[in-house]
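Letter by letter, the chains look like this.
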Amino acid sequence: MRKLLFSAVLMLVASVGIASAADRPNLLIMMTDDQRADALSCAGNPVLRTPNLDRIAGEGARFRNMFVTNALCAPSRATLLTGLYSHSHGVTDNRGRIVPQSIPMVSDLLRKAGYEVAFCGKSHQGNALRDREWDHYFGYRGQGNYLKPMVAEGTKGKDLPRDGWMDDVITDDAIAWMKQPHEKPFAMFLFFKAPHRSWTPPPRHKDLFNNVTIPLPKLWDADRNAKTQAFAKADNRIGDFADVKDFQSYVKDYYRTIVGVDDNVGKVFAALEANKQLDSTAILFTSDNGFFQGEWKAFDKRFMHEPSIRVPLLMRYPAKIKAGSLIDPMVLNVDIAPTLLDLAGLPVPESMQGRSVVPLFAGTPADWRKDWLYEYFEYPAEHNVRKHRGVRTDTHKLIHYYESPEEWELYDLSKDPDELHNLYRKPGMEALTTQLKQRIVDLRKQTNDRD
Ligand code: SGN
């Protein structure tokens, strides 16, 4: 009798174990560096072919209005990992500030809740990630090199030279780890270097697009002075830099590196399929910021204008996402950490400033955000982009360069999605301007921005 009872309990424990494992998918978070929202064939790019990235969207969802709250690498990555704005996690620029130990990263919370967590690739978080607990770590410091990269295995490991192209090297490592037997669900953070400047394509793609002419953007000749002096004086013109000397070669190299990433996403798909883990793994793909691609003859990011703040967000998890979903409400990089916790069935800490996007798979909650705060702080610095913050609604955008000389830009995105007409101080705009200025104040308060 006793024996019977014991085995019944064991079976019960096992069945609970199985049920909770099924409820807790593996998580695979892939991020590129500087990939614009339209640098994907599924987003309508006329030149670039990204079949493997498109597959995530085709078998899952593509978010058509995903934005970053600070279009710069280190701040944006810290936001993805913490669910906090730059002013809250403290990584306001690329100058080596790190997320303090007192702030948990989503990887810490997942690990505590029984996930095996792994990081492969570019963190751009100084030693912040090396000071956290990882079941597997294969990363590098700073920007890293595309060819013959130096990468460390283990948080205490030495940076060692590796053969091959950076994102091939880190993906091979990530796949080898994901393929190992795991007793617990895993969360793999696979952060690519591409398509960051200076663009060195994988040698196998060096001739891709040789016979193609990339169409110039319609805003190539747009007038910088129609915005602000802050915008006109930025040092980001194509042609002014040795490695960004002309539009065609810059965009072709940028695209070649993205095709290199796409190959690696294909390898990841094949490995998950071979391991029968594809449908039990929630896949998320995004980028740390967008990029100008010749609009106003500019490259780089940092500004609050659309090419710079819009990023891809693709998600695949058949248990929760209908294949081919297109999702339009505005979502942000502060939402990623809450989304991962939600997918893992874990509570989202009150302190996080974003919101899980999972409810959007079933429809738009009535209280979904109608506007959000943007911020940028790295000045004076490379590219000469002045500090600014602003608010973006579904239809309007107000940008404030808040240090002297103060300047403002106001756009009606419903009539002027290209942001060609700065309406600030134009007759009839007074009430709207007052309202949007107040929203900046309110959103700052809501996110504890007391600076
Ligand atoms: C490098 C680039 C800049 C870029 C910053 C920040 N110059 O310094 O063009 O804005 O990184 O990029 S380069 O000559 O070194 O390529 S970020 O992705 O790290 O934020």
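- Naming follows an unreviewed UniProt entry, where the protein appears as N-sulphoglucosamine sulphohydrolase C-terminal domain-containing protein of Tuwongella immobilis.
- Among the UniProt annotations of the protein, the heading Sequence similarities (unreviewed entry) holds the following wording: "Belongs to the sulfatase family."

Let's talk about helix H6 (residues 166-179)
Alright, step 1. Helix length check: H6 (14 residues) gives 20 Å between terminal C-alpha atoms against 20 Å at 1.5 Å per residue, within 8%.
Alright, step 2. With 11 of 14 residues buried, H6 lies mostly within the body of the structure.
Alright, step 3. Regarding H6, the residues found buried are Met166, Asp167, Asp168, Val169, Ile170, Thr171, Asp173, Ala174, Ile175, Trp177 and Met178.
Alright, step 4. Contact partners of the buried residues in H6: strand S1 (26-32), strand S4 (116-122), strand S5 (136-140), strand S6 (150-153), strand S8 (186-191) and helix H8 (247-274).

So, the confidence of the model for the protein
Alright, step 1. For the protein, the mean per-residue pLDDT works out to 95, and 95% of the residues sit at or above 70.
Alright, step 2. Scored below 50 in pLDDT, residues 1-19 makes 0 contacts in the model with residues more than four places away or belonging to other chains.
Alright, step 3. What the predictor reports for the complex is a pTM of 0.95 with an ipTM of 0.97.

A closer look at the site of the ligand
Alright, step 1. Around the ligand sit 15 residues, and of these Gln143, Asp300, Arg302, Glu382 and His383 come closest.
Alright, step 2. Cysteine 73 is positioned with one of its backbone polar atoms (N or O) 2.9 Å from an oxygen atom of the ligand.
Alright, step 3. Between the ligand and the protein, one listed contact pairs an oxygen atom with a side-chain N or O atom of asparagine 94 at 2.9 Å.
Alright, step 4. Contact with the protein chains hides 82% of the accessible area of the ligand, taken as 460 Å² for the molecule alone.
Alright, step 5. Looking at the shell around the ligand, its residues break down into 2 nonpolar, 6 polar and 7 charged.

What about the packing of aromatic side chains?
Alright, step 1. Scanning the model with the defined rule gives 27 aromatic pairs in all.
Alright, step 2. Where tyrosine 254 meets tyrosine 255, the ring centres are 6.0 Å apart and the plane angle is 50°; that geometry is what we call tilted.
Alright, step 3. Taking the relative accessible area as the measure of exposure, tyrosine 254 reaches 0% and is therefore buried.
Alright, step 4. Through a chain of ring-to-ring contacts, the aromatic side chains of Trp199, Phe209, Phe241, Tyr250, Tyr254, Tyr255, Phe291 and Phe299 assemble into a single cluster.
Alright, step 5. The cationic tip of lysine 193 hangs over the ring face of tyrosine 146; the distance from NZ or CZ to the ring centre is 4.6 Å.

A word on the UniProt feature "domain: N-sulphoglucosamine sulphohydrolase C-terminal" (unreviewed entry) in the protein
Alright, step 1. Under the local residue numbering, the UniProt record ascribes the feature "domain: N-sulphoglucosamine sulphohydrolase C-terminal" (unreviewed entry) to residues 294-446.
Alright, step 2. End C-alpha atoms of residues 294-446 are separated by 36 Å, and the span's content is 19% helix alongside 22% strand.

Concerning the side chain of glutamate 375
Alright, step 1. Within the secondary structure, glutamate 375 is located in strand S13 (residues 371-376).
Alright, step 2. Within the buried core, glutamate 375 has no salt-bridge partner, and the shortest N-O distance to an opposite charge, that of arginine 389, equals 5.4 Å.
Alright, step 3. Here the side chain of glutamate 375 touches serine 86 through a polar contact of 3.0 Å, landing on its backbone nitrogen.

Describing the sheet that holds strand S14 (residues 388-393)
Alright, step 1. Sheet architecture is open: 4 strands sit in the order S13-S14-S15-S16, paired in antiparallel fashion. What marks the edges here is a single partner per strand, and that holds for S13 and strand S16 (407-412). Each strand of the sheet is rotated relative to its neighbour by a mean of 10°, with strand direction disregarded.
Alright, step 2. Examined bridge by bridge, S14 and strand S15 (residues 396-401) share 4 bridges and lie antiparallel to one another. Counted as the bridge partner of valine 391 is leucine 398 from S15.
Alright, step 3. Helix H11 (residues 430-446) contacts S13, S14, S15 and S16 of the sheet and is inclined by roughly 110° relative to S14.

Definitions and cut-offs
Residues numbered from 1 in each chain as written. Predicted model: local features only at pLDDT ≥ 70, side-chain atom pairs only at ≥ 80, totals over all residues. Heavy atoms only, no water. UniProt positions renumbered as here; feature names shortened; annotations may be inferred. Helix = DSSP H or I, 4+ residues; strand = E, 2+ residues; numbered from the N terminus. Expected span 1.5 Å × (residues − 1). Buried < 20%, exposed > 50% of the residue type's maximum accessible area, 1.4 Å probe, protein only. Contact = heavy atoms within 4.5 Å. pLDDT = per-residue confidence, 0-100. Near = heavy atom within 4 Å. Polar contact = N/O pair within 3.5 Å; in protein donor to acceptor, adjacent residues only side chain to side chain. Areas by Shrake-Rupley, 256 points an atom, 1.4 Å probe, with all protein chains shown as cover. Nonpolar A, V, L, I, M, F, W, Y, C, P; charged D, E, K, R; others polar. Phe/Tyr/Trp six-rings, centres within 6.5 Å; stacked < 30°, edge-to-face > 60°. Lys NZ or Arg CZ within 6 Å of the ring centre and 35° of its normal. Lys, Arg positive; Asp, Glu negative; His and termini not counted. Salt bridge = Lys/Arg side-chain N within 4 Å of Asp/Glu carboxyl O. Pairing = 2+ DSSP bridges. Axes fitted to C-alpha atoms, helices over the stretch in contact; angles between N-to-C directions.

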